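# Breakdown of the fold
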Amino acid sequence: MNLINALSPLQWALLLAVPPAILSLYFLKLKRHPIEVPSTYLWSRTIEDLHVNSIWQKLRQSLLLFLQILVVVLAILACLRPGFRGTELIGDRFIFLIDNSASMSATDLGRTRLSVAQERVLDLINQMKSSDVAMVISFSDVQRVEQSFTHSRSQLRQRVNRIQPTQRRTDLSDALRAASGLANPGRTSEAGTNDYQVAEAMPATLYIYSDGGVPTVPDFSLGNLEPVYIPIGETAPENVGIVSFSTEQNQEKPSQMQAYARLENSGTEAVTVEVELTLDGEFLDAANVDIPGRSVRTISAQENASTNEDEGSGEADDGEAGGGMREDNLPGAAGVQFDLDHPGHAVLKLAIKEQDDFALDNTAYSVVNSPRQANVLVVTPGNESLELALSTSEAARIATVKIEPPSLLATKEHLADAEAGIFDLIIYDQCVPTVMPAANTMIIGGVPPVDGWSKGEVASRPVIIDTDPAHPLTQLVQMGDVKYNYDGFPVTGPPGASTLMDAQIGPLLVIGQRAGFEDVALGMDIVGKYSDGNVGPKTEWPIRRSFPVFVMNALRYLGGARTSYSTESQQPGTAVKIRSSLPVDQVHVTSPTGDVTTLDREAQNTFVYSATDTVGVYDTREGRAREVAQRFAVNMFSSRESDLRPRTEVVLGYETVEGQSASEPARKELWKWLLLIALGVLVFEWYVYNRRVYL
Amino acid sequence: MPPSATDSPLLSPQMLAQLERLELVSRKIFRGRLKGERRSRRKGQSVEFADFRNYVQGDDLRFVDWNLYARLDKLFLKLFLEEEDLHFYTLIDTSASMTFGDPSKLQHAKQLAAALGFIGLCRADRVKIETLGTSLAKPGPTLRGRASLWRMLEYLDGIDEPSNVPLAKGVKDFCLRNSGQGILVLITDLMDKAGYESALRFLLARQMDVYVVQVLSPEEMKPDLKGDLRLVDCEDQDVAEITVSRPLLDRYQKTLAAFIDGARDYCTRRGMNYLMTTTDTPVDTLVLNYLRQRGLVR
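Keep in mind that this is a model prediction, so the values were computed, not measured.

Along the backbone of chain A there are 15 helices and 39 strands. Taking all 695 residues of chain A together, 48% fall into the buried category. Counted over contacts in chain A with a minimum sequence separation of 6, partners at least 24 positions apart contribute 70%.

In terms of helices and strands, chain B carries 10 helices and 10 strands. Considering chain B as a whole, with its 298 residues, one finds that 52% of them fall into the buried category. The contacts in chain B between residues at least 6 apart in sequence include a share of 76% that link residues at least 24 apart.

Turning our attention to the sheet that holds strand 15 (residues 346-352) of chain A. Residues and elements named next belong to chain A. Pairing in this open sheet of 4 strands is antiparallel, and the strands run 11-10-15-16 from one edge to the other. With one partner strand each, in any of the chains shown, strand 11 (282-291) and strand 16 (363-368) form the two edges of the open sheet. Each neighbouring strand pair of the sheet contributes to a mean axis angle of 20 degrees, computed without reference to strand direction. Across 6 bridges, the pairing between strand 15 and strand 16 is antiparallel. Its bridge partner lying in strand 16, Ala346 is registered against Val368.

What follows is about the pattern of salt bridges. Residue and element names in this part refer to chain B. Inspection of every chain in the model, using the stated rule, returns 32 salt bridges over all chains. The shortest N-O distance in the salt bridge between Glu220 and Lys105 comes to 3.0 Å. With Glu220 in helix 8 (residues 218-221) and Lys105 in helix 4 (residues 105-122), the pair connects residues that are 115 residues apart, well separated along the chain. Each of the two residues, Glu220 as well as Lys105, counts as buried.

Residues Asp102, Glu219, Asp224 and Asp280 of chain B make up a contiguous surface patch of negative charge. Take Asp280 of chain B: it is sitting in the loop between strand 10 (273-278) and helix 10 (283-294).

All names here are of chain B. Per-residue pLDDT for chain B has a mean of 81; in total, 87% of the residues score no lower than 70. Predicted confidence in chain B is weakest over helix 1 (residues 3-7), with a mean pLDDT of 34, and strongest over helix 3 (residues 66-72), with 91. Low pLDDT, under 50, characterises residues 1-8; the stretch is placed with 13 contacts to residues that sit more than four places away or in other chains.

Moving on to the packing of helix 6 (residues 167-177) of chain B against helix 7 (residues 197-205) of chain B. Residues and elements named next belong to chain B. Where helix 6 contacts helix 7, the two axes come as close as 7 Å, and the packing angle between them is 15 degrees. In terms of orientation, helix 6 and helix 7 fall into the roughly parallel class. Taken as a pair, helix 6 and helix 7 cross one another with a handedness that is left-handed. Facing Leu167, Ala168, Val171, Lys172, Phe174 and Cys175 of helix 6, the residues of helix 7 in contact are Ser198, Ala199, Phe202 and Leu203. Counted by class, the contact of helix 6 with helix 7 contains 8 nonpolar, 1 polar and 1 charged residues.

A few words on the sheet that holds strand 33 (residues 596-600) of chain A. Note: strands within a sheet are paired through backbone hydrogen bonds, in either parallel or antiparallel orientation. All names here are of chain A. With antiparallel pairing, 4 strands are arranged side by side in an open sheet as 33-32-35-36. Of all strands in the sheet, those bounded by a partner on one side alone are strand 33 and strand 36 (630-634). Sheet twist, expressed as the average angle between the axes of neighbouring strands with direction ignored, equals 25 degrees. Of the strand pairs in this sheet, strand 32 (residues 586-590) and strand 35 (residues 616-622) are connected by 4 bridges, and their pairing is antiparallel. Following the sheet pairing, Thr590 is matched in strand 35 by Asp619.

A separate point is helix 4 of chain B. Since the α-helix turns once every 3.6 residues, residues separated by three or four places project in the same direction. With 18 residues, helix 4 of chain B extends 26 Å from end C-alpha to end C-alpha; this agrees with the ideal 26 Å at 1.5 Å per step. Counted residue by residue, helix 4 of chain B has 17 buried out of 18 residues, so it is predominantly covered.

Moving on, we get to the interface of chain A and chain B. Of the residues lining the interface, 22 residues belong to chain A; the matching set on chain B comes to 34 residues. Summing both partners gives a buried area of about 3,000 Å² for chain A against chain B, and 66% of it is carried by carbon and sulfur. Contact with chain B buries area across many residues of chain A, yet Arg32, Pro38 and Trp43 of chain A alone supply 26% of it, more than any other trio. At the surface where chain A touches chain B, the tally comes to 0 salt bridges. Here chain A is connected to chain B by 9 residue pairs in polar contact (both at pLDDT 80 or more). At the level of secondary structure, the elements contributing two or more residues to the side of chain A that touches chain B comprise strand 1 (33-37) and helix 3 (41-52) of chain A. Per-element accounting of the side of chain A that touches chain B gives the leading share, 9 residues, to helix 3 of chain A.

Residues and elements named next belong to chain A. Taken across its 7 residues, strand 7 (residues 225-231) has 6 buried, putting it largely inside the fold. Pairing between strand 6 (residues 204-210) and strand 7: 7 bridges, direction parallel. Opposite Thr205, over in strand 7, you have Glu226 as the bridge partner.

One finds Leu11, Leu116, Met152 and Val287 of chain B to be the most contacted residues of the largest nonpolar core, which totals 44 residues. At the level of elements, helix 2 (13-20), strand 3 (87-92), helix 4, strand 4 (126-131), helix 5 (149-158), strand 6 (183-188), strand 7 (209-216) and helix 10 of chain B are the ones that each hand at least two residues to this core. Ranked by size, the runner-up nonpolar core spans 42 residues in total, among them Tyr41 and Ile47 of chain A together with Phe174 and Leu231 of chain B.

Next up on the list: the packing of helix 2 of chain B against helix 4 of chain B. Residue and element names in this part refer to chain B. Contact geometry of helix 2 with helix 4 gives a least axis separation of 9 Å together with a crossing angle of 50 degrees. The orientation of helix 2 relative to helix 4 falls into the category oblique. For the pair helix 2 and helix 4, the crossing hand works out as right-handed. Across from Met15, Leu16, Leu19 and Glu20 in helix 2, the residues of helix 4 making contact are Ala115, Phe118, Ile119 and Cys122.

On to the confidence of the model for chain A. Residue and element names in this part refer to chain A. Within chain A, residue pLDDT values average 79, and 82% of them lie at 70 or more. Confidence scores differ between elements of chain A, with helix 9 (residues 301-311) showing the lowest mean pLDDT of 49 and strand 25 (residues 491-492) the highest of 92. Predicted confidence for residues 307-325 stays below pLDDT 50, and this span has 45 contacts to residues more than four positions away or in other chains.

Below, the discussion takes up helix 7 of chain B. All names here are of chain B. All of the buried residues along helix 7 are Ala199, Leu200 and Leu203. Down the axis of helix 7, the buried set is contained in an arc of 90 degrees. They therefore lie on one face. Against the buried residues of helix 7 lie helix 6, strand 6, strand 7 and helix 9 (246-269).

Once that is clear, we can look at the environment of Val215 of chain B. Summarising the element assignment, Val215 of chain B is placed in strand 7. In contact with Val215 of chain B, not counting residues within four places along its chain, are Lys105, His108, Ile187, Thr188, Asp189, Thr277 and Thr279 of chain B.

Before going further, it helps to examine the packing of aromatic side chains. By the definition in use, this model includes 16 aromatic pairs over all chains. Measuring from ring centre to ring centre gives 5.2 Å for Tyr41 of chain A and Phe259 of chain B, while their planes differ by 75 degrees; the resulting arrangement is edge-to-face. Of this pair, Tyr41 of chain A sits in helix 3 while Phe259 of chain B sits in helix 9, each in a different chain. What makes Tyr41 of chain A buried here is its relative accessible area of 12%. A relative accessible area of 2% places Phe259 of chain B in the buried class. Taking NZ or CZ as reference, Lys455 of chain A lies 4.6 Å from the ring centre of Phe489 of chain A, over its face.

There is a patch of nonpolar side chains on the surface, built from Trp673, Leu676, Leu679, Leu682 and Val683 of chain A and spanning about 530 Å² of accessible area. Its place among the elements puts Trp673 of chain A in helix 15 (residues 671-691).

What follows concerns unusual backbone geometry. Following Asp102 of chain B, the chain continues into Pro103 of chain B via a peptide bond in cis, with omega recorded as 0 degrees. By the element assignment, Pro103 of chain B lies in the loop between strand 3 and helix 4. Even without a glycine there, the phi angle at Arg461 of chain A is positive, about 50 degrees. With respect to the element layout, Arg461 of chain A can be found in the loop between strand 22 (459-460) and strand 23 (464-467). Unlike most non-glycine residues, Leu476 of chain A shows phi in positive territory, near 60 degrees.

The next point concerns the side chain of Thr380 of chain A. Residue and element names in this part refer to chain A. Locating Thr380 in the fold gives a position in the loop between strand 17 (374-379) and helix 10 (384-389). Since its relative accessible area comes to 4%, Thr380 is described here as buried. Of note is the side chain of Thr380, whose polar atom sits 3.0 Å from the backbone nitrogen of Gly382. At 2.9 Å, the side chain of Thr380 forms a polar contact with the side chain of Asp429. The residues touching Thr380, leaving out its near neighbours within four places in the chain, are Glu387, Ile403, Glu404, Pro405, Pro406, Asp429 and Gln430.

The rules we used
Residues numbered from 1 in each chain as written. Chains lettered and ligands numbered in written order. Predicted model: local features only at pLDDT ≥ 70, side-chain atom pairs only at ≥ 80, totals over all residues. Heavy atoms only, no water. Helix = DSSP H or I, 4+ residues; strand = E, 2+ residues; numbered from the N terminus. Buried < 20%, exposed > 50% of the residue type's maximum accessible area, 1.4 Å probe, protein only. Contact = heavy atoms within 4.5 Å. Pairing = 2+ DSSP bridges. Axes fitted to C-alpha atoms, helices over the stretch in contact; angles between N-to-C directions. Salt bridge = Lys/Arg side-chain N within 4 Å of Asp/Glu carboxyl O. Patch = residues over 30% accessible without salt bridge, like charges linked within 9 Å, V, L, I, M, F, W, Y side chains within 5 Å. Areas by Shrake-Rupley, 256 points an atom, 1.4 Å probe, with all protein chains shown as cover. Lys, Arg positive; Asp, Glu negative; His and termini not counted. Charge placed at Lys NZ, Arg CZ, Asp CG, Glu CD. pLDDT = per-residue confidence, 0-100. Parallel < 35°, antiparallel > 145°, perpendicular 65-115°, else oblique. Left-handed = near helix turned anticlockwise from the far one by under 90°. Nonpolar A, V, L, I, M, F, W, Y, C, P; charged D, E, K, R; others polar. Expected span 1.5 Å × (residues − 1). Buried area = accessible area lost by both parts, 1.4 Å probe. Polar contact = N/O pair within 3.5 Å; in protein donor to acceptor, adjacent residues only side chain to side chain. Core = buried A, V, L, I, M, F, W, Y, C linked by side-chain atoms within 4.5 Å. Arc of directions from axis to C-beta. Phe/Tyr/Trp six-rings, centres within 6.5 Å; stacked < 30°, edge-to-face > 60°. Lys NZ or Arg CZ within 6 Å of the ring centre and 35° of its normal.

Below, the structure is given as structure tokens:
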């Protein structure tokens, strides 16, 4: 509460003279209405005892005087313009961006940061005037428009209260684009397909309630948006979090495994925490880890750039930053390593015993799955180069390769096996199946005998112009040194097929989809018959380094081999591609919360699971099997989320928005209320005067 | 029946008919001046035998019992009870305060005086109506007989000018003017700053059968006042400044009650009859009920 003097000294003097004036009026003779009575005899005797009372007693009993003085005092108070610091909305169009990422679940403010943010937003919504409109967007690494622009405060309140915390990372860009699409003309939230609400492009105030652990939003212009960033969180929260946890096979002792973890301390004090490793819920090992506190260091501009990529938000402190140097303070970090016997199929859990402000990053999971070999069938009348490439020790480690002549294709056993889908990959060399098997296929010198595939005119000496370096199948495959090819034909794939290798005659290597499988067709032979009937190599590719690389890519990608014991940890919210070990149509994924999701097979015999919102271990069961076929772990593993320190600013495109001290200070005036009370007292005084009531 | 009686607003014919049957009663037996309809303590001329006594020289021979003289040869004189008239005085307070109210207290007082006076006239009593302002030089008329009714009403009608004579002085003057005994009905509001006690004391000294009828207006009983007022006394222009409030009104009521109780107490202790009435009480109710209960009329 502070006061603002609204009057000059002279005005004050006049105003302060009013109460004594009222008081003196009570001492002075009132202008009384004369009235003639038969006799004042009784009246005189009645007021006789009043006369003997002191004047103060008389005043004390005068309710009217009291009320009048009260009115004046209230008016004087109103002139002082008392007020208190509050938060007030500016403008008439608001967008509330509420961070509900993992770090907003931190409890450094006594309750979760999200609930604090919600409360502040509700405060602002309560202040909205009836003509104001507002929308509410919650964001983690995805945005969600909780409520589009509306006047209805109750609806806004309801939607704000509905926002639930997530365990995802923070990414503001989606939310900003959604907000900007509504505020700036010519922009839509998602390429015109998903414009959320018809709202005229008008300037709006953008309130960002976040702890600021957001990556820099590049290439973004705020346009009409007036950003206000309100950091949520204590300035020095204490948190130790696990930012990575993985298991590796011990290279020296194959029967052993090593588990590594990295812990970060976002507090300023060095701490020692106890971490406990459990295997399938049973205690395995524990260790004390000393983690230094947050350190302030000066880093160069180059480092700065790389740090920015990692850390995202520019965490520049107001030090002697300049000349390409800046000060940065990073959380203290320490690693811990455990050696353990190979557990086989197991879940490792690493937990920090100490409680801190952020519980979500105190536990990490790692899943050890048994390795899975690809089952590959090669149907060839004889291809030395291919067989050589498939017989390397690395190939033997990731795949079981069976080589059969083309005569096999007609056998019933093979047809049954192919239909049952026991192979992950069938390579047809110099032959083409009559019926496509339930497996991925690669056809060398031919195209699958199904609709959509066609081969063009055979041309001699196709020159390979380009390969797709991005596709896993042609990754690291450099075809520049393959100068000689005998002949070839352009391959046309079905709709949706992509060209992996281009020659001057047209696409030479094409990959296309087929009901959950993928087919690859190579438009030239590696070994084949020449025009004179002799059989021999028809390309110099097998003698180049790129050929075994291509074969290994095919085994890994089309064969779906899994070599590593430990499965890569997934981030919350990311889609996980599950490859079944058995050819099944459905897999069932059980989340840590116990929800079971049934997935249908997609391309490449894979199943895509996207409901990875909760940190923990997900079990996958294949078909009707009851046993868990494989597991995968979802971990937070975000240095940025674990670093609870609220950032003082966020960088939005070309603008740096300074955080406003928790809430936007605005003066809440009380004088209106005081005058209202004064008016009420005046009305009461009038009532008392007229009704002669004496309370 | 004089025509002025019916025209007079003081008494209505119906009321006259009711009053005719009544008579004034005195708890004391007074000596009348003239022969009236009441037995006197004195022996005198009437049909009611009282006693015998010896004849002495100079006695009226008409009252000698000749039959007894024939038997006993002694002269005895027959004595009869004397029948005398009653002196009935009505003293009306005509101070300015009596002119308040609607009907005014004075009007009420005059009506009451007329009613009681008429009863007296019907019983051949000696009725005298006076006001506090009546001067010694110009006393009110003494009335006897029904025929005097019109004179009485005429006199009462003539009383309209208020005369601010203090109660004590007015009563004292009355006592000086009228030495006779009898019934006195004092009709007043008793609102005298000097107090009513000294005035009533004069009456006590006369050994009269005193009835004090205090007339108040409803405005005095329950004042309908609001706001900050300067009350001006109509008699002496005395001023009382009040701010009307509920406690003040409550206190007024208490004072009024104490005043009435005090007056009643004072009168009762001294053998005077006290009656409080308000101007909204009809006079016939007052006479036929209250005064009958008090024993003034029968």
